[in-house]
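Overview (structure and organization)
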2 protein chains.
Amino acid sequence: MTLESLETPCLLLDRAAMESNARRFLDIAKRHGVTLRPHLKTAKSIEVARRVTDTEAGAPITVSTLAEAEYFAGAGFKDILYAVGLAPNKLPRAVRIMLEYGTGLKLVTDNATLAEAAAAYAEGEGVDLEFLIEIDCGDRRAGLPPDSEELLTVAQVLGTCPRIGLRGVMTHAGQSYGTRDPEEIARITEEERTAVVRAAERLRAAGHAVDTVSLGSTPTVAFAKDLSGVTEVRSGVHVFFDLDQLGRGVCRPEDLALSVLASVIGHNRAAGTVLIDAGGLALSKDLSASTFLPDAGYGYVCDADGKRLEGLSVVGVSQEHGRIAVPDPAWYDRLPVGSLLRVLPNHACFTAAAYPAYQVLEDGEPKAVWTRVNGW
Amino acid sequence: MTLESLETPCLLLDRAAMESNARRFLDIAKRHGVTLRPHLKTAKSIEVARRVTDTEAGAPITVSTLAEAEYFAGAGFKDILYAVGLAPNKLPRAVRIMLEYGTGLKLVTDNATLAEAAAAYAEGEGVDLEFLIEIDCGDRRAGLPPDSEELLTVAQVLGTCPRIGLRGVMTHAGQSYGTRDPEEIARITEEERTAVVRAAERLRAAGHAVDTVSLGSTPTVAFAKDLSGVTEVRSGVHVFFDLDQLGRGVCRPEDLALSVLASVIGHNRAAGTVLIDAGGLALSKDLSASTFLPDAGYGYVCDADGKRLEGLSVVGVSQEHGRIAVPDPAWYDRLPVGSLLRVLPNHACFTAAAYPAYQVLEDGEPKAVWTRVNGW
């Protein structure tokens, strides 16, 4: 198989880069004496999961949808954290996944309403559930403040239901995406650690057994200095990295494992653009990389071998068209219609979500196809 | 079935609104004496296609991927325009679709390189191909200027290959998305019409038979005054509409046929937000509506019955979380955890692309599931 045998657009995954990234983060976790529970919301692939966890199917993983939970449970993963606050209508399916596959599925909430609904459901159905309570460490997305009264209320609702095991606390420092300064990110890791450890201590003081103290985002794990009191870290995009992470200094250009293979389908000389068959669906409309890489557009452009074509990026997209601005007309000869190009994604999680599978490259040649699970 | 029986997030389609939108555009085409060749890049669904075309499976349709072409060909659609400039690596699959299903698949290009590759392929494989030449009417995306020398060159390459039928010309006035003034949009329709008709006349003068003169975007079709010389119009998002089209005045609020059903999963009182389980993947990261509806965010919020909750929109998303800013704390009581909400998408084509199927509503109740085709 060669790249020329693939139909475009498709999603390329450089296996060596991915494995190197995974090792780096497993080493970070090891150095801090914590467990890495990789967030598979980025990869959503069994074949990737087996290569980025420590102990294959026995390894702890994190997911963002019940579709992922079901897919990984079906592949034998036994310790899965569904890290998005549970909606009541997902309880039946969550229980079905646990029972059908014998999977330990940990659920998350930050409120007494859901805790009460879960307790009633568990009692009514005669099933056991495990929960972590989500803590807001400054991200201001989900979670309870570590010093809030509600934290103890939620713990009490969960803790007094004999069918529910309150396992601990988790948090996510999304605010780490506001800076590219390693020292500032390390300070945010400390903010994240302090918040979740404080919440764990309050729960322990109130008589709850807390065995899981979980935090993580790729930047805060990458630059962590001290993880005392933490039992596990979650990061996901580290397995592939992307331009967003590159712009933040969390990875090097050679760590970028994911790219979209596209074909040149036209030249618009009046507009000064080369047109490719990868548009807003193939690349995603995520523009996060532009915060720190203002020229990234919808992605930097590389040749078919993955070498950056300096100065070229996808400057505009419609549904199935991508427009690459070219600084001079010589590019029309360098990139004739039919040329293969690779586009480096801004945000791997969003770009990958459009594809059912990865074309896995070894030494630049497609050697395998690894499937993904999408949707909910 | 009730909405409460659905797992969130999922994609709701109001059948009556869709059918009314489809009738409106079929009537527009009829009034102008042209064929409506709906662009199914928005709906990507056989069940939708059968309800928005004139004559069901015999009806002409437009698609944006070969995956769509294959899916609709398999359902019996015989006249399909693949309206994105062809890449050479797609020729084998395009031919396979034509031969396997006996489908008339019209291909598009704007350059001699692809035309020569297609001619060589058609001769080499002993297969027949049909082409339209793409014209740039001012969109500056794809296509040749109608007065360009290249237009005649491409036509000559296609026209002299006995295996290729040059059927005509097509264009798309993407520039219509730059304004919300109906008179200005009508002026752009005239720009679109003039360009594609001029190209057709030049081809005819050069001895080519031109039976297809095709234009279209939803706004330019909606506000067209004169379509003389045009044989068909292509619009796609008109079957569902979205906030982007609403902001442009192309539809009314009651025409919005698509919404995302989501659950409230938490309240972040410190941040002043209600959290839902529909984030950037469920809603898409498309922000196009904000051009003319600056408060749209990632979508306006409605109650479960589809009634707008004035003042509420999704102000931020991460992968699986959506944040709704609430103007006062009374909303926490109005929207307890577990409440169902609907979010109106910014851009229907992008939001729908995350889902494998529509939950089809009749009188507000889910009555059917219609599948979609995604990917390439």
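The numbering scheme is per chain: residues are counted from 1 as the chain's sequence reads. Chain A is the first chain written and ligand 1 is the first ligand written, with later ones labelled in order. Per-residue local features of the predicted model are confined to residues with pLDDT of at least 70, and side-chain atom pairs are confined, for both listing and counting, to 80 or more; whole-chain, interface and lining totals are unaffected and use all residues. Just so you know, side-chain values use all the structure's heavy atoms and leave hydrogens and water out.

Remarks on the side chain of Ser45(B)
On the secondary structure map, Ser45(B) appears in the loop between strand S2 (35-36) and helix H2 (46-52). Note on contacts: a residue pair qualifies if any of its non-hydrogen atoms lie within 4.5 Å across the two residues. Once residues lying within four places of it in the same chain are set aside, the contact partners of Ser45(B) are Tyr71(B), Phe72(B), Tyr358(B), Trp370(B), Thr371(B) and Arg372(B). The helix count covers DSSP runs of H or I at least four residues long, the strand count covers runs of E at least two residues long, and both are numbered beginning at the N terminus.

Brief notes about the sheet that holds strand S3 (residues 60-63) of chain A
All names here are of chain A. With parallel pairing, the 8 strands of this open sheet are ordered in space as S2-S9-S8-S7-S6-S5-S4-S3. Here the strands that pair on one side only, and so sit at the sheet edges, are strand S2 (35-36) and S3. Following DSSP output, two strands are said to pair if at least two bridges run between them. As judged from the 4 bridges shared by strand S5 (residues 104-109) and strand S6 (residues 129-135), these two strands associate in the parallel manner. Within the sheet, the bridge partner assigned to Lys 106 lies in S6 and is Glu 130.

Focus: the packing of aromatic side chains
Side-chain rings of Phe, Tyr and Trp (the six-membered ring for Trp) are treated as a pair once their centres are within 6.5 Å; stacked means planes under 30 degrees apart, edge-to-face means over 60, and tilted covers the remaining angles. Across all of its chains, the model carries 10 aromatic pairs over all chains by this definition. An angle of 80 degrees between the planes, with centres 4.9 Å apart, marks the rings of Tyr71(B) and Phe72(B) as edge-to-face. Accessibility assignment for this pair places Tyr71(B) and Phe72(B) in one class, buried. The rings of Tyr71(A), Phe72(A) and Phe77(A) are connected pair by pair, giving a single aromatic cluster. By the criterion adopted, a ring carries a charge over it if an Arg CZ or a Lys NZ lies within 6 Å of its centre and within 35 degrees of its normal. Taking NZ or CZ as reference, Arg334(A) lies 4.0 Å from the ring centre of Trp331(A), over its face. The aromatic ring of Phe350(A) is capped on one face by Lys285(B), whose charged end is 4.5 Å from the ring centroid. Only protein chains enter the accessibility calculation, which uses a 1.4 Å probe; a residue is then buried when its area is under 20% of its type maximum, exposed when over 50%, and partly exposed in between.

Description of the relation of the copies chain A and chain B
There are two copies of the chain, and a rotation about an axis plus a shift along that axis relates them. When the copies are overlaid, the least-squares fit takes in C-alpha atoms only where the residue has pLDDT of at least 70 in both copies. When chain A is brought onto chain B, the operation consists of a screw motion whose angular component is 180 degrees and whose axial shift is 0.0 Å, with 0.0 Å RMSD remaining. Each copy turns onto its partner about a two-fold axis. Identified as the residue of chain A closest to the rotation axis by C-alpha distance is Lys285(A), at 2.8 Å. A high fraction, 100%, of the interface residues of chain A reappear at the interface in chain B, so the copies pair face to face through one surface.

Some details on the domain arrangement of chain A
Residue and element names in this part refer to chain A. Note: domain ranges come from an automatic or database domain assignment. For chain A, the domain assignment lists domain 1 (3-10 + 251-371) and domain 2 (16-239). Computed from C-alpha coordinates alone, the two centres of domain 1 and domain 2 are separated by 33 Å. Listed by partner, the interface residues are 11 residues for domain 1 and 20 residues for domain 2. Two parts placed together each lose some accessible area; with a 1.4 Å probe, that loss summed over both constitutes the buried area. Carbon and sulfur atoms supply 60% of the area that domain 1 and domain 2 bury against each other, a total of about 1,200 Å² over both sides.

What about the sheet that holds strand S9 (residues 232-233) of chain B?
Strands belonging to one sheet form pairs held by backbone hydrogen bonds; the direction of such a pair is parallel or antiparallel. Residue and element names in this part refer to chain B. Strand order in the open sheet formed by 8 strands is S2-S9-S8-S7-S6-S5-S4-S3, with parallel pairing between adjacent strands. Either end of the sheet is taken by a strand with one partner, and the two such strands are S2 and strand S3 (60-63). Both S2 and S9 contribute to a ladder of 2 bridges, which runs parallel. The residue bridging Leu 36 from the neighbouring strand is Val 233, located in S9.

A look at a negative patch on the surface
Surface patches are defined over residues having more than 30% relative accessible area and no salt bridge, joining like charges when they lie within 9 Å and nonpolar side chains (Val, Leu, Ile, Met, Phe, Trp, Tyr) when within 5 Å. To be clear on the numbers: accessible area is Shrake-Rupley with a 1.4 Å probe, and residue cover counts the displayed protein chains and nothing else. By definition, a salt bridge exists where a carboxyl oxygen of Asp or Glu is found within 4 Å of a side-chain nitrogen of Lys or Arg. Under the counting rule used here, the positive set is Lys and Arg, the negative set is Asp and Glu, and His together with the chain ends is not counted. Taken as the charge location is NZ of Lys, CZ of Arg, CG of Asp or CD of Glu. A surface patch of negative charge is lined by Glu4(A), Asp305(A), Asp363(A) and Glu365(A). Structurally, Asp363(A) is set in the loop between strand S16 (357-362) and strand S17 (365-371).

Observations concerning the pairing of strand S13 (residues 308-317) of chain B
All names here are of chain B. Relative to S13, strand S12 (residues 300-303) runs antiparallel, the two sharing 2 bridges. Within S13, the position partnered with Cys 302 by the bridge is Arg 308. Connecting S12 to the next strand, S13, in antiparallel fashion are 4 residues, including Gly 306 with a positive phi near 95 degrees. The turn joining S13 and strand S14 (residues 322-325), which pair antiparallel and follow one another in sequence, is formed by 4 residues.

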